[in-house]
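Chain by chain, the residues run as shown.
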6 protein chains.
Amino acid sequence: MKVALIPGSFDPFHNGHLAVVRLAARHFDKVVVAAVRNPGKEPLFSLEDRELMLKECLEEFDNVTSRSFSGLVVELAGEIRATAIVKGLRAVSDLENELQMAQMNYRMSGIDTLFVPATSSESFLASKYLKEFARGGRVAELASMVPPPVARRLQEIYGPGSDKEGSS
Amino acid sequence: MKVALIPGSFDPFHNGHLAVVRLAARHFDKVVVAAVRNPGKEPLFSLEDRELMLKECLEEFDNVTSRSFSGLVVELAGEIRATAIVKGLRAVSDLENELQMAQMNYRMSGIDTLFVPATSSESFLASKYLKEFARGGRVAELASMVPPPVARRLQEIYGPGSDKEGSS
Amino acid sequence: MKVALIPGSFDPFHNGHLAVVRLAARHFDKVVVAAVRNPGKEPLFSLEDRELMLKECLEEFDNVTSRSFSGLVVELAGEIRATAIVKGLRAVSDLENELQMAQMNYRMSGIDTLFVPATSSESFLASKYLKEFARGGRVAELASMVPPPVARRLQEIYGPGSDKEGSS
Amino acid sequence: MKVALIPGSFDPFHNGHLAVVRLAARHFDKVVVAAVRNPGKEPLFSLEDRELMLKECLEEFDNVTSRSFSGLVVELAGEIRATAIVKGLRAVSDLENELQMAQMNYRMSGIDTLFVPATSSESFLASKYLKEFARGGRVAELASMVPPPVARRLQEIYGPGSDKEGSS
Amino acid sequence: MKVALIPGSFDPFHNGHLAVVRLAARHFDKVVVAAVRNPGKEPLFSLEDRELMLKECLEEFDNVTSRSFSGLVVELAGEIRATAIVKGLRAVSDLENELQMAQMNYRMSGIDTLFVPATSSESFLASKYLKEFARGGRVAELASMVPPPVARRLQEIYGPGSDKEGSS
Amino acid sequence: MKVALIPGSFDPFHNGHLAVVRLAARHFDKVVVAAVRNPGKEPLFSLEDRELMLKECLEEFDNVTSRSFSGLVVELAGEIRATAIVKGLRAVSDLENELQMAQMNYRMSGIDTLFVPATSSESFLASKYLKEFARGGRVAELASMVPPPVARRLQEIYGPGSDKEGSS
C-alpha cells in the first residue's frame, strides 16, 4: 500500500495546500496530512485549532486522514509507515530548502520525498501573507483563498467584533 | 492623476531606495514614500526617526511626499488613492516574495504593483548589511551609500563618541 | 504624455501577454505593442502574421496600438517617444535577463524599464510550449490560452485539415 | 494500477537519470522510460541508439520498460495509460521550465506531473557536459558517471581509435 | 603571503564546511577559520564549544588555524592581515546574500571575497537541518555528516542519556 | 606557484571580464586568460581577433598572459599547469551552470574552480547584449563598457562607414 505523508504548519491551511492534497490523493492509496509545530514563529492558530480545521477541510476525501505532530517528520513517517513524503512546490525559493530537507530525511531514514507543483491559480498563496491580512482584520477578502472551515474560523477570531480585531 | 505608493521599512533609507524614488518620480504625477513598521525585526531607527529622515532625503523632489504608516499597505494605498504600488527589484530572491505579495494585494484590493530594477551600482545595497555595519560602529564608510541626512543621523547615533558605540 | 512600449516576439501572443497590456493600459496614456524579430528561433508565425493578430487582439483598447519592428528596441522607443519600456515578469529566470537588458537599454539611451507581474492564472504560459503543442497539432486545447484571433489562426494553419498538420 | 511515464532525451542516459528511475520504480506499479526527440539540438547518439542503451541500462528492473517516441509527451502518456509523468529536479533552473511544462500538460490532457529530487551525489550531472567531454574524446573518465552499457557505447564511438576521435 | 579568512557560525561545523577548508588550504599559504556570533539565532553550541571543536576538526592541516570572533568580519580580516575572505557556495539562495555581503565588505575595507563550490556529495548539508535533528535526539545518524569531534560532542550533549534528550 | 586559468569566449571581452582578471591577478602568481571557441553561437569576432584584443587589453598586467584554445578547458589547464580555474559570477543563472561545470572539471581532472563576484557596477554586462547592440550599429555607446582596444575594433568593424553597418 502506498502511503503519503504531507507535513506542514498549515497556519492556516489554504487552497494551495488543498490542491496538493487533492493531487496526492489521486496517486496514493492513503494520504496523511499532519500539522506540525513550527518553532520560532508566532502561530495564527494553535496546533489544536489547526488540527481541527484540517479534519473539517479534508472530510470530502475517502483516503485522506489528518492529525497533528510535535516531533521530527521522519519519526512520524516511520510511525504511520509512510512510503513517501509529499510536498508542494510553488517557487524557486521553496525548492532549495526542500531539496536539502529531502536529502537529509533520506539520509536519516531512507524515506523518499516526491514534489507536486502548485497549480498556477494558487501559486501565489503563502500562509505568511494570509496571516498578515488576518491580523490586519481583512478576513472577508481571504474567504476565496481558504476552504470554508478556515474562512469561518478566521472570521470568528480575527473578523469584525472579535477580540483580536485590530490588534496587530 | 497617477499616484505611486512606495512602501518600505527604510531602516535606513539608502541610495538604492533613492534610485527607486527618482525613477518613480519620472513616471508618476505624484509619489508617496511610506515608512512602515516591520514587526519581528529589531529596528536601527524608530519609525519616527525614519519618517524624519525620509522627509529630509526627499526634499529635492517636487512631486514626492513621505510619511509613516502602521497598518496594511493596501489600506494606505486606498487612503491616499494610489493608482499603483511601486517596488524596487534588486535580485531574484526579492522577486518571489514580491510576486506573491503583489498578487495578494491585487486580490485584496484590486491595486496593481509595478516593479523597477535596481540600478547596477546600487544593487548590492541591503538595509540588513547597513544595519550590521552601523551597529559595528563603521558609520564613516557608510556615508557613500546613504543620502546625507541618513549619514548624519548614523554618525550621531552610532558614530564615535555616541552612546551606542561598540554596543553590538 | 506617458507612453509605454511593450516589445516582444509574440509568437504567438497569448493571454499572459494580454494581461500585461491590460495592466499597462491602466497606467499609461498610450501603449504601443511591437512584435519584433527574434533571430535564431524558427518562428511559428511570420512577423506580418504576428502584427496582424496583434491588431485584432488589441482592438478592445482605446489607448493601445500595435506594430512590428526589425531594429533595436531602444531605437523604436526613441522613434515613438516612449517614456518607458514595459515588460511582464513571470518567473525568476526571466528576471536576470530582463534586469541586464534594462540596464543596457538605460545605458544606451536613458530609457527606463518597468516590470509588471504575470497574473497567477497565466503565469505558466510561455510561447515556446504553445509552439510545441501547435506544431504537434493540438490547437483545440490551446484556445483557452490565447485570444480568439490567435486561436482562429492557429486552427487555420496548424489545425486538422491544414497543410502543416502533423508535420512536426 | 499506477503507471509513471519518465520522458527525456537521454543523450546520453546517465547515473542521475538512473536514480530517478530507481526512485519511481519504488512508488509506481509500472514505469515507462521514453527517449524522445529533442529538435534543435545536435544529438550525441541517434534515437535508435538511445533506445537500445535504455533497454540495456534498465534490465535490472522488473517493473520498468523503455521505448522511444517522436510526438508530444501527453500523447504518449495517453497511449500507455500513464497515471503520472515523473521528472527529476536537479536545480532551480530546471524547476521553472518544469513547472510551466507541468501546467501545460495538465491543461492539455489532465495528467499530473510529480517531481523527484536528484540525489546529491549525482546532482551535478547534466547531459550537455557529458556530451562535451565525449566529443572531446575524454570517454574513460565518464565511465563512473553513466551505466555500463552507455560507457561501452561511448568508448566505441568516441573513444581512442574510433572514427570520431578528436573530431569535435 | 596569501591568507584566507573563512568566517561562519559553524553551529555545528560539518563535512561541507570541511570541504571548503580543504579546498582553501590548497590555494592559500595560510587559512584562518573563525567561528563568529550569529545574533538572532538560538545556537546549538556555545561560541566556546564551537571554537574548541573547530580546533579538533582542523588538526590535520598544517596551514590552517582556527579561532572565534565577535565583531565585524572585515575587522577580523584586517587584524589577521587576510588577503581574501573565502566562502562556500552551495546553492542559488546562498549566492545573492553572499554577493551583497562581498560587495559591502569590499566597499568597507577593500577586501576581496572568493567563492568555492560545495562538493556535490555535501551540497545538501546545512547547519539548520543538522540542528533540528540534533534537537530531536537523532545524533547517531548525523555521525556521517560531521567530523568525528563534532559527532562526539553531539552525542554527549544531545544523545541518549544526555540532559537535553527529547527536549526540543 | 599559484596559476589561475580564466577561460571564456570573450566575444567581446568587456569591463566585467576585466574586473575578474584584475581580481585574480591580486590573488595568483600568474593568470592565463584564454579565449575558447563557443560552438553553436555565431561569433561577433573571430577567435584570432579575440586573442589579439585580449593581448592589447591585458598589457597593463605584469602577471597576466593571454591566448586562444580550441579543446577542452581541463586540457588547457593541464597544459599550462594551472592550479585553479577562475570564473566570474554575475547572477544566479550563471551559478547553476558553473557549479555543474566545476564538478565535472573536478571529476575529470582534479582541478578546482574558484569564483569571484562581478563588481556591482559591471554586473549587468553580458556579451550577448553587447553583440546585439554592435550588430545594430550602436558602437559609440558601447565604448564605456569595454576596454579601449575592443572599443576601437568594434568601431572599425561595426561602426558608421564599416562594411557591416546596418547589416543585422
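Everything below is about the structure shown above.
The paragraphs below set out a description of the structure included in this document. This structure is a prediction, so every number in the text was calculated from the model and none was measured.

Reading the values: the criteria
- Residues numbered from 1 in each chain as written.
- Chains lettered and ligands numbered in written order.
- Predicted model: local features only at pLDDT ≥ 70, side-chain atom pairs only at ≥ 80, totals over all residues.
- Heavy atoms only, no water.
- Contact = heavy atoms within 4.5 Å.
- Buried area = accessible area lost by both parts, 1.4 Å probe.
- Salt bridge = Lys/Arg side-chain N within 4 Å of Asp/Glu carboxyl O.
- Polar contact = N/O pair within 3.5 Å; in protein donor to acceptor, adjacent residues only side chain to side chain.
- Helix = DSSP H or I, 4+ residues; strand = E, 2+ residues; numbered from the N terminus.
- Nonpolar A, V, L, I, M, F, W, Y, C, P; charged D, E, K, R; others polar.
- Buried < 20%, exposed > 50% of the residue type's maximum accessible area, 1.4 Å probe, protein only.
- Least-squares fit on C-alpha atoms with pLDDT ≥ 70 in both.
- Axes fitted to C-alpha atoms, helices over the stretch in contact; angles between N-to-C directions.
- Parallel < 35°, antiparallel > 145°, perpendicular 65-115°, else oblique.
- Left-handed = near helix turned anticlockwise from the far one by under 90°.
- Phe/Tyr/Trp six-rings, centres within 6.5 Å; stacked < 30°, edge-to-face > 60°.
- Expected span 1.5 Å × (residues − 1).

Okay, the interface of chain C and chain B next. Contact with chain C, which involves 26 residues of that partner, is made by 26 residues of chain B. Here chain C and chain B share an interface that buries about 2,200 Å² over both sides, 61% of which is from carbon and sulfur atoms. With its nearest N and O atoms 2.8 Å apart, the salt bridge here joins D112 of chain C to R26 of chain B. Our count for the chain C to chain B interface comes out at 9 residue pairs in polar contact (both at pLDDT 80 or more). Contributing elements (two or more residues each) for the side of chain C that touches chain B: α1 (15-27), β4 (84-89), α4 (92-109) and β5 (112-117) of chain C. Element by element, the count of residues in the side of chain C that touches chain B is highest for α4 of chain C, at 7 residues. Residue composition of the side of chain C that touches chain B, grouped by class: 15 nonpolar, 6 polar and 5 charged.

Backbone torsion omega between D11 of chain D and P12 of chain D reads 5 degrees, so that peptide bond is classified as cis. One non-glycine residue, F10 of chain F, lies in the positive phi region at around 50 degrees. Relative to the assigned elements, F10 of chain F resides in the loop between β1 (3-8) and α1 (15-27). Under the relative-accessibility criterion, F10 of chain F is labelled buried at 5%.

For the rest of this paragraph, the subject is the relation of the copies chain D and chain A. Least-squares fitting of chain D to chain A yields an RMSD of 0.0 Å, with the superposition described by an axial translation of 0.0 Å and a rotation of 180 degrees. Taken together, the turn and the small shift mark the pair as related by a two-fold rotation axis. Closest approach to the rotation axis within chain D is made by the C-alpha atom of F115 of chain D, at a distance of 2.4 Å. Most of the interface of chain D is mirrored in chain A, where 100% of its interface residues again form contacts.

In this section: the pattern of salt bridges. Tallied over the entire structure, the rule returns 66 salt bridges over all chains. For R153 of chain C, the salt bridge goes to E156 of chain C, with nearest N and O atoms at 2.6 Å. Taken together, the residues span about one helical turn, with R153 of chain C and E156 of chain C both in helix α6 (residues 148-158) at a distance of 3 residues. One salt bridge in this structure joins E141 of chain E and R138 of chain E, with 2.9 Å as the shortest N-O distance. For E141 of chain E, a relative accessible area of 26% gives the class partly exposed. Given the relative accessible area of 17%, R138 of chain E is considered buried. Three or more residues are tied together by salt bridges with common partners; here these are D11, R50 and K131 of chain A.

What follows covers the interface of chain D and chain A. Contact residues are listed per partner, giving 26 residues for chain D and 26 residues for chain A. Each partner contributes to the roughly 2,200 Å² buried at the junction of chain D and chain A, and carbon and sulfur atoms together form 61% of this total. Considering only the side of chain D, the residues that lose the most area to chain A are H27, V92 and L114 of chain D, jointly responsible for 25% of the buried surface there. Taken together, chain D and chain A are joined by 2 salt bridges. Elements that contribute at least two residues to the side of chain D that touches chain A include exactly α1 (15-27), β4 (84-89), α4 (92-109) and β5 (112-117) of chain D. Considering every element that reaches the side of chain D that touches chain A, the biggest residue donor is α4 of chain D, with 7 residues.

Here the focus is the relation of the copies chain C and chain B. Mapping chain C onto chain B calls for a rotation angle of 180 degrees and an axial translation of 0.0 Å; the resulting RMSD is 0.0 Å. In this assembly the copies share their binding face: 100% of the residues contributing to the interface of chain C also contribute to that of chain B.

A word on the packing of helix α5 (residues 127-135) of chain A against helix α4 (residues 92-109) of chain B. Running from N to C, α5 of chain A and α4 of chain B cross one another at 40 degrees; their axes reach a closest spacing of 10 Å. Between α5 of chain A and α4 of chain B, the crossing angle belongs to the class labelled oblique. Of the two possible hands of crossing, α5 of chain A and α4 of chain B adopt the one that is right-handed. Contact residues: α5 of chain A offers K128, Y129, L130, E132 and F133 of chain A, while α4 of chain B offers N97, Q100, M101, M104, N105 and M108 of chain B. Taken together, the residues of the contact of α5 of chain A with α4 of chain B break down into 6 nonpolar, 3 polar and 2 charged.

Residue and element names in this part refer to chain C. Mapped onto the elements of the fold, V33 is located in strand β2 (residues 30-36). Each C-alpha atom of the pair V33 and L54 lies 7.9 Å from the other, and the pair is 21 residues apart in sequence. Those residues in contact with V33, other than ones at most four positions away along the chain, are I6, F10, V21, L54, L58, V64, T65, S66 and R67.

So, on to helix α5 (residues 127-135) of chain F. Among the residues making up α5 of chain F, those that are buried are S127, Y129, L130, K131, F133 and A134 of chain F. Packed against the buried residues of α5 of chain F are α3 (73-79) and α4 of chain C together with α1, α6 (139-142) and α7 (148-158) of chain F. A positive backbone phi angle near 85 degrees is found at G137 of chain F, which sits one or two residues after α5 of chain F.

Before going further, it helps to examine the packing of aromatic side chains. All names here are of chain B. Summed over all chains, the structure comprises 12 aromatic pairs over all chains. Relative to F13, the ring of F10 lies with its centre 5.5 Å away and its plane at 65 degrees, an arrangement referred to as edge-to-face. F13 carries the same exposure label as F10, and that label is buried.

We now examine α1 of chain F. All names here are of chain F. Taking 1.5 Å per residue, 13 residues should reach 18 Å; α1 reaches 19 Å between its end C-alpha atoms and fits that length. Here α1 lies mainly inside the structure; 11 of its 13 residues are buried. If you check which residues of α1 are buried, you get N15, G16, H17, L18, A19, V20, V21, L23, A24, A25 and H27.

Relative to the helices and strands, H27 of chain E is located in helix α1 (residues 15-27). Overall, the relative accessible area of 5% leaves H27 of chain E in the buried class. At 2.7 Å, the side chain of H27 of chain E forms a polar contact with the side chain of D112 of chain F.

Another aspect to go through is the environment of A140 of chain D. All names here are of chain D. Looking at the secondary structure, you find A140 in the loop between α5 (127-135) and α6 (148-158). For A140, a relative accessible area of 57% corresponds to the exposed category. On a C-alpha basis, the gap between A140 and V92 in space is 30 Å, while along the polypeptide they are 48 residues apart.

As a further point, take the side chain of H14 of chain F. All names here are of chain F. Relative to the elements of secondary structure, H14 occurs in the loop between β1 and α1. By relative accessible area, which is 3% here, H14 ends up buried. Once you skip the residues sitting within four places of it in the chain, H14 turns out to touch L125, A126, S127, L130, M145, V146 and P147.

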